[in-house]
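Here is what each chain is made of, one letter per residue.
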Amino acid sequence: MAKPDPEELVRLVEAFPGPSVEADGPDRGGATEATEIGRVDELLDGAYGALTRRWYPELRRRAAAHADGDCLRERVLEHVEAVPSFRLSDGPTALTERREALAEAAALADEVREIAEWYGTLRSRLEGDRASLTRGERLLHDFGYALAHVLFLGASSPRAVVRRLRLAYRSVGVKIDETASEGGIEETTFTCPYRNVAAGTRGKRWVCHEKLDRVDDGYVSYLAERGISYQRPRGCAGSEQCQSTVARDGPARWWPKTPPAAVGADP
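Procedures and definitions
Residues numbered from 1 in each chain as written. Predicted model: local features only at pLDDT ≥ 70, side-chain atom pairs only at ≥ 80, totals over all residues. Heavy atoms only, no water. Axes fitted to C-alpha atoms, helices over the stretch in contact; angles between N-to-C directions. Helix = DSSP H or I, 4+ residues; strand = E, 2+ residues; numbered from the N terminus. Parallel < 35°, antiparallel > 145°, perpendicular 65-115°, else oblique. Left-handed = near helix turned anticlockwise from the far one by under 90°. Contact = heavy atoms within 4.5 Å. Nonpolar A, V, L, I, M, F, W, Y, C, P; charged D, E, K, R; others polar. Salt bridge = Lys/Arg side-chain N within 4 Å of Asp/Glu carboxyl O. Buried < 20%, exposed > 50% of the residue type's maximum accessible area, 1.4 Å probe, protein only. Core = buried A, V, L, I, M, F, W, Y, C linked by side-chain atoms within 4.5 Å.

A. View of the packing of helix 1 (residues 6-14) against helix 3 (residues 47-67). Between helix 1 and helix 3, the least distance of the axes is 8 Å, while the angle of their chain directions is 165 degrees. In this view, helix 1 runs roughly antiparallel relative to helix 3, as classed from their interaxial angle. Taken as a pair, helix 1 and helix 3 cross one another with a handedness that is left-handed. For the pair helix 1 and helix 3, the contacting residues are Pro 6, Leu 9, Val 10, Val 13 and Glu 14 in the first and Tyr 56, Leu 59, Arg 60, Ala 63, Ala 64, His 66 and Ala 67 in the second. Within the contact of helix 1 with helix 3, the residues separate by chemical class into nine nonpolar, one polar and two charged.

B. Examining unusual backbone geometry more closely. Omega for the bond connecting Trp 255 with Pro 256 falls within 30 degrees of zero, at 10 degrees, which places this linkage in the cis form. Mapped onto the elements of the fold, Pro 256 is located in the segment after strand 8 (254-255). Look at Asp 45: it is not a glycine, yet its phi comes out positive at around 55 degrees. Mapped onto the secondary structure, Asp 45 falls in the loop between helix 2 (31-43) and helix 3.

C. Layout of the pattern of salt bridges. Counting across every chain of the model gives 18 salt bridges. The closest approach of N and O atoms between Glu 117 and Arg 113, which form a salt bridge, is 3.4 Å. Pair noted here: Glu 117 and Arg 113 are both in helix 6 (residues 111-127), with a separation of four residues, about one helical turn. Overall, Glu 117 belongs to the partly exposed group, its relative accessible area being 42%. Ionic pairing is found between Arg 232 and Asp 217, a salt bridge with its closest N-O pair at 2.5 Å. One end of the pair, Arg 232, is in the loop between strand 6 (228-231) and strand 7 (241-248); the other, Asp 217, is in helix 10 (residues 206-224), with 15 residues separating them in the sequence. Each of the two residues, Arg 232 as well as Asp 217, counts as buried.

D. Layout of the nonpolar core. Membership of the largest hydrophobic core comes to 38 residues, with the highest contact counts inside it found for Leu 44, Trp 55, Leu 59, Leu 122 and Trp 255. Where this core is concerned, the elements lending two or more residues are helix 1, helix 2, helix 3, helix 4 (73-81), helix 5 (96-108), helix 6 and strand 8. Examining the composition of this core, we find that eight residues originate from one element, helix 3, more than from any other. In this structure, Leu 44 is in contact with Phe 86, Leu 102, Ala 105 and Trp 255, ignoring residues within four places of it in sequence.

Written as structure tokens, this is what we have:
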């Protein structure tokens, strides 16, 4: 399995720099601090409170379940990507007032900056760049990257890319259930025929998402170099179907993925 291993993931999650989940609300150090944290949450449109009080406890639960072998890494990553966020740009257009609000929040609480740094580390480790993969997974990633040079040759738009991608899905027995196109985003809903392979010992979709998705990671690497964002399939929780999207990669910014310093909002 790609790094981090389950125990390392638990340690990384436990290093969360925000309020303790045992605390009842944001009051950790008296009325003054509670007022400051309340103001931070107000400035960030409730994203801070939603992240610390709801999102993070669920992340701890999934990380612990992953360490016990009851939750795939992809289910943890799915939750990590669903973090409550505070938007800082509308595509390439900076939202000046919101960036000023982030700067004020960062001046009130160091955790605003620290959580962004922690989140960046967590996401990068979970997504598993090539250096963090096992030898077998690197081979699958490199195979996908090499195949992408042929598969996507001459495809320079999301629509052209997704047509080739669906062809690749079908060539390995994947059933395309539904397609949609809206706002420059091409979405594909499909069923993985290998979702129950090794389900008794590894869990459902282990082959689909823990191993075969490393080939998709090779596609992601290739397309990202060419300005195309391919959001490959995730854990597909609660459904036999999975989804993937292809869109033009844009400079959208949001906290905590974007730290305050990256948009000039560090105090």
